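# Descriptive structure summary
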Amino acid sequence: MSAAAPPRVRRPRAVRHRRTAAALILTLLGALLTALGPALPARAATAGNATSVTRAGDTFTVRTSSAAAVRIVVARADVFRIWLSPDGSFGDDPAGSDLATTTSFGPVGATLTDAGAYWRIGTSAISLRIAKKPLTFALYRADDTTLVWAETQPTSWSAGRTTQYLGRAADEQFYGTGLHLGEWALRDRTVPVAVSNKWTEGTNASPAPFYMSTNGYGVMRNTWAPGSYDFRAPTALSHDEKRFDAWYFAGDSLKDVLDGYTDVTGKPFLAPIWGLELGNADCFNASNPDYQGDHNRARHRTTPDVVGYAADARAADMPSGWILPNDGYGCGYTQLPSTVAALNEKGFRTGLWTSTGLSGIDQEVGTAGSRAVKTDVAWIGSGYKYAFDGVKQAVEGIEDNSDARRFVWTVDGWAGTQRNAVVWTGDTSGTWDAMRWHVPSIAGAGLSGLNYASGDIDGIFGGSPQTYVRDLQWKSFTPAFMTMSGWGATNPSAGYQDKQPWRFAEPYASINRKYLQLKMRLMPYLYTMGRTANETGVPSTRALVLEYPDDPVARGNATSGEFMAGDSFLVAPVVSDTAVRNGIYLPAGSWTDYWSGKVYQGPGWLDGYAAPLDTLPLFVRQGAVVPMWPQMNYTGEKAVSTLTYDVYPRGDSTFGLYEDDGTTRAYQDGAYARQRVDVHAPAAGRGDAVISVGAAVGSYTGKAASRGYEFTVHSATAPTSVSVGGAALPALGGKAAYDSASSGWYYDPADRAGVLWIKAGSRSEAFTVTAAGITAAPGTPVGTRSAPIPQTGWKVVTADSQETAGENGSAANAIDGNPATIWHTKWSGGSAAPLPHEIQVDLGARYAVDGLGYLPRQDGGVNGRIGRYEVYVSDSTSAWGSPVATGSFADTAAAQQVSFTAASGRYLRLRVLGEAGARGPWTSAAEISATGTKAPPGAATG
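An account of the accompanying structure is given in this report. (Residues numbered from 1 in each chain as written. Predicted model: local features only at pLDDT ≥ 70, side-chain atom pairs only at ≥ 80, totals over all residues. Heavy atoms only, no water.)

## Side note on the environment of Arg686
In this structure, Arg686 sits in strand 40 (residues 685-693). Accessibility expressed as a relative area gives 51% for Arg686, which makes it exposed. Distance in space between the C-alpha atoms of Arg686 and Ile774 is 5.6 Å, their sequence separation being 88 residues. Every residue in contact with Arg686, bar those within four places of it in the chain, is listed here: Thr717, Ala718, Thr720, Gly773, Ile774 and Thr775. Side-chain polar atoms of Arg686 contact the backbone oxygen of Ala718, separated by 3.3 Å. (Helix = DSSP H or I, 4+ residues; strand = E, 2+ residues; numbered from the N terminus. Buried < 20%, exposed > 50% of the residue type's maximum accessible area, 1.4 Å probe, protein only. Contact = heavy atoms within 4.5 Å. Polar contact = N/O pair within 3.5 Å; in protein donor to acceptor, adjacent residues only side chain to side chain.)

## Things to note about the packing of aromatic side chains
For the structure shown, the criterion picks out 45 aromatic pairs. Note on Phe407 and Trp409: the rings are 6.4 Å apart at their centroids and 80° apart in plane angle, and the pair reads as edge-to-face. Take Phe407 and Trp409: they sit in the same class, and that class is buried. An aromatic cluster of at least three residues, connected via ring pairs, comprises Phe477, Tyr515, Tyr525, Phe569, Tyr594, Trp595 and Phe655. (Phe/Tyr/Trp six-rings, centres within 6.5 Å; stacked < 30°, edge-to-face > 60°.)

## Overview of the sheet that holds strand 18 (residues 279-281)
Strand order in the open sheet made by the 8 strands is 25-23-22-21-20-19-18-27, with parallel pairing throughout. What marks the edges here is a single partner per strand, and that holds for strand 25 (453-454) and strand 27 (482-484). (Pairing = 2+ DSSP bridges.)

## As for the nonpolar core
If you look at the biggest cluster of nonpolar residues, it comprises 184 residues, and the most contacted ones within it are Leu128, Trp149, Phe477, Phe569 and Phe711. Those residues within four positions of Trp149 in sequence are excluded, and the remaining contacts are Phe80, Ile82, Leu128, Phe137, Ala138, Leu139, Gln164, Leu166, Tyr217 and Tyr248. Listed in part, the 29 residues of the second largest apolar core include Trp794, Val841, Ala845 and Tyr847. (Core = buried A, V, L, I, M, F, W, Y, C linked by side-chain atoms within 4.5 Å.)

## So, the pattern of salt bridges
Two side chains carrying opposite charge are able to pair once their charged atoms lie near each other. Enumeration over the complete set of coordinates arrives at 47 salt bridges. Residue Arg909 is joined to Glu838 by a salt bridge in which the shortest nitrogen-to-oxygen separation is 2.8 Å. Here the residue Arg909 occupies a position in strand 55 (residues 896-912), and Glu838 occupies one in strand 52 (residues 837-855), the gap between them amounting to 71 residues. Each member of the pair, Arg909 together with Glu838, is buried. Through salt bridges that share partners, Arg81, Asp92, Asp93, Glu241, Arg243 and Asp245 make up one connected network. (Salt bridge = Lys/Arg side-chain N within 4 Å of Asp/Glu carboxyl O.)

## Points about the sheet that holds strand 9 (residues 147-157)
Strands sit in the order 5-6-7-8-9-10-16-15-12 across an open sheet of 9 strands; the sheet is antiparallel. Strands at the two margins of the open sheet, each flanked by one partner only, are strand 5 (111-114) and strand 12 (190-193). Neighbour-to-neighbour, the strand axes of this sheet turn through a mean angle of 20°, independent of strand direction. Of the pairings in the sheet, the one linking strand 15 (residues 227-230) to strand 16 (residues 235-239) comprises 4 bridges and is antiparallel in character. Residue pairing in the sheet places Asp230 in a bridge with Ala236 of strand 16. (Axes fitted to C-alpha atoms, helices over the stretch in contact; angles between N-to-C directions.)

Remember, this is a structural readout, not a statement about activity or role.
So, in C-alpha cells, the structure goes:
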C-alpha cells in the first residue's frame, strides 16, 4: 500500500498507509537524484591513461596515470566483470554476494594480447579491447571485428555519481531496468533506476540495475545505489556512487543474455503450482481494535470468516487457490491454525500480508501452516538492500520452517529479486488507461528476468465490471495474479460488489469463470513455462521480441500492447471500452484463432477483430502442442486421470512437459518427470500427422503409474484413419459415443473450423498416434502497414497558434524529428489562445496516409497534451473534407498512434478539440509523424 494513496471510495476508513520518516526521505532523495539526469557532473574525474596490465589467472588489473585502477574478472567465456576503483583499491563492494551469487564458473583460459593502442582480452565468445590513451573499453565478438559496444568517452565520476557512455548503433534497441511501468522498448528514453513508490506510468515499480541490447549483450551494475539510464545517443548510464562496477553478459540472442544474467544473479524461483491460481487479499479480522479500517464489515469480523468466502467461491464454481485473510494495517489474525486447516479443506492455501516485519513467521509457517507472504511498502518501502533483505527474510521464514517453496510478493524489487519473489505494480486504479500501460509493464518485466510480475486485477482503487473482466482475461495468461477484494468500491455501478470475481452480476461473473477455468485447464502448460524460466531465465510472459528477435516490428513498442504467453499463445488484450480490437500484430507464420479456429498468415496487422466483452483476442502459434488438465477449481481437486494434448499440427514441432509434486522443494533433488511430444505434420495442405509421445521419464511423489491420453488435433478435414502404435482406432459416431468410449476418434467440422478428437486409452510407456490425411488449413493473409513517411520534405503550412515569446514553442518543432523540442500554443502576454488548435503540414509529396503518430512533450511538462482530435488528409489546404480519424489521446507521455483507412493527399491536418488533462486551453507536441505509401500525383496541389 502507498503512503500517498488517495482516500478509498469503498468505505470511510481512515487512510492507513504509514511510512517511516527515514523511508520517505530516502524515497524523495532518490526521486530528486533521478530527476537530475545523467549529465556529466561538475568537476567529473576520469582514470586518465592506462599504463599497465597484469594478470592472475582470469583476473586482470589495469593501472592508470591517475590513482584509479580497474579489475577485470572473466568468469566465463561470455560473462565478465569490469570494476573501476577511483582510489585503486577493491575493498568497497557494497553489493557483496547479494546480487551476483555465482561469480566463477571454472577456469576460462582467457588470453591477453598487446595490440599497441590497446590490450585485448580474448575468450571463445568475446574480445574485450582496453584502449590505452585514454582508458576506454570496447567489446567485440570473438572474431575481434564485430562490435558489440564501445565507450565513446571515459567513464567519469564525481563524489555523487558515476557514468558510463556507450555508442548506440543505428537500429539498436534496449530493454530491461526491472518492472518499468509502461512500454518496454527503451531507445530514446531516459529511465529511472530508482525507488519512488509512485506506481505511475514512466516510473519503475521494482527497478533493476540491468538492461540488455539487441546488439547481443546485457549489463548489470553491481550496486544498491539509485541511477538513471539515458538510452539516447550516446547512452549515458549513471548510478549515484563514486565507483563503477558492472557485470557483462554476451550472447547470440536476448534469450542467451537472460540466461547469462540469471546464471550470475540467480534463476527465477519456481512457484508452487497453486501460486499460479487466483489469489485474493483482504482483512477478515476487522473487529480487531488495532485495525485502521472499518471495524463493522459484514462477514469480516474475525479471521475464520474467510472460510465463508472460500465456500462462496466453491459454490460459484469459480477457480481460485490462495488467500491472504489479513492486511498489514492492524488487521492481524485470530485462530490461524484452524483457519488454515479449514481453507485447506476447500483447496485454498493461506498466506499473510505484513506491513511491520516477520517476527512471528516461524510459528505462522511451522505451526499454523501459512505458506505465502506479502511484504508491504509500509515496511520495505525504502527499497534497495533494505527491501531485498526483507524479502529474503520472508523466503527463509517459509523454507526454514517447512518443506514448501518460497512464495513472496514484493513491491520493491532489485536485481536478483527474480530468485525470491513476485513483483507487482503497486497501488493502481481500475481504469482503461492503467490497463493500457500494465500490459507492456508486465511483459517488459520478463526482459529483466522477472518471471513472476503482476498487478492487482482491476487495480486497488476504483474499477468497474467491464474493466475487471477485461483485466482478468489477459492476466489469466500470466503466471501469478491476485485481486484486492476489500479495496474496491461497493456497487459503483450495477453488478459490481467488490473485487471477488464471483460477486459480480451476469454476464460478468460467467466471463470471469470462463477465463479462470481456462487457466486451470492450461495449468500443465503454464507450469512447464515456469520451469523453463527457472532453468533458462526466459520468462513465461514474453515480449514478442524474445520469440521474434529479427522481426523489426516485434523489436519495438508497436507490439507493446500484446505478448506471448509461453512459446505458443499470442495474447492481444482489449484495453479500452470497445468490442473491436485493431492493431493486432501477427509475426511470420500461421496463427489460429483460439476461439473460432480461423487461421491467419503473418507477418502483418489484423484490424477489425470482433472482441465482445467475453472474448480475449487469443492466437495459437503454428505447431503448438499444449498440455491440458481436466477441468477443476483448484490443483488437486481431482486426479489427472486423463491428460489432453491440444495439437496445432504444421511442420515439425515439439513440446517438453514438466511435472513434479507442485508444492515441495523435492524437485531440487531430482524428484520430477519430463515427457517429450514430437509432432511431424504437413507444413501445408494434406498429409499425415504423426504424434510421438515419450514416456514420462523421472519420478516424484504422487506420480501416477499410467494415465489416459486424449488429443484434440486441429485439421480442416477429417482424417482417413487414426491409429495408435500401428493399431487402428475405431471411428465413433459423434460426441456422445466418444464420451462413453475408452478409446476411438471422431471428427467435428463445426468445432473451431475442424477438430479431430482422439482417445488413445491409458498408457504408461511411449506410444505414437498417426492421423492419416489431415489438412493444414491455408491461412488468411493479414494486412501490411506502410512505412513512416520521411519528415525531410515536410514543412508547416500553418498553425493557428505557437508560443515564441516565452519559449521556443514554434510549430516547426513538432516535425523536426527531435523529441526534445516542442510545439506549444501561445500562452504568454496575459491570455492563452483558445481551443480548438490546429497544425497543417505539407508532406512534400502526395501519399496514401494511413496513420498518424503523436509524441507528447518529453520535458516533464504535462499541459497541452492532446485529448480529443480530428485528422484530415487532402490535396488542398482550402478543401479538407471530412476527417479521416477522430478520437481521444490518453493523458500520458507515451507515444500514441492512430490508424485509419488510407486517404491520399499532400497535406495533413491535425485539429485539436480538447486537452487530455483538461488543465487549460493549450496544445503541445514533441513530434507528429505519419505513415503511408507514395501515391500518384493528384489533380490539385493546394
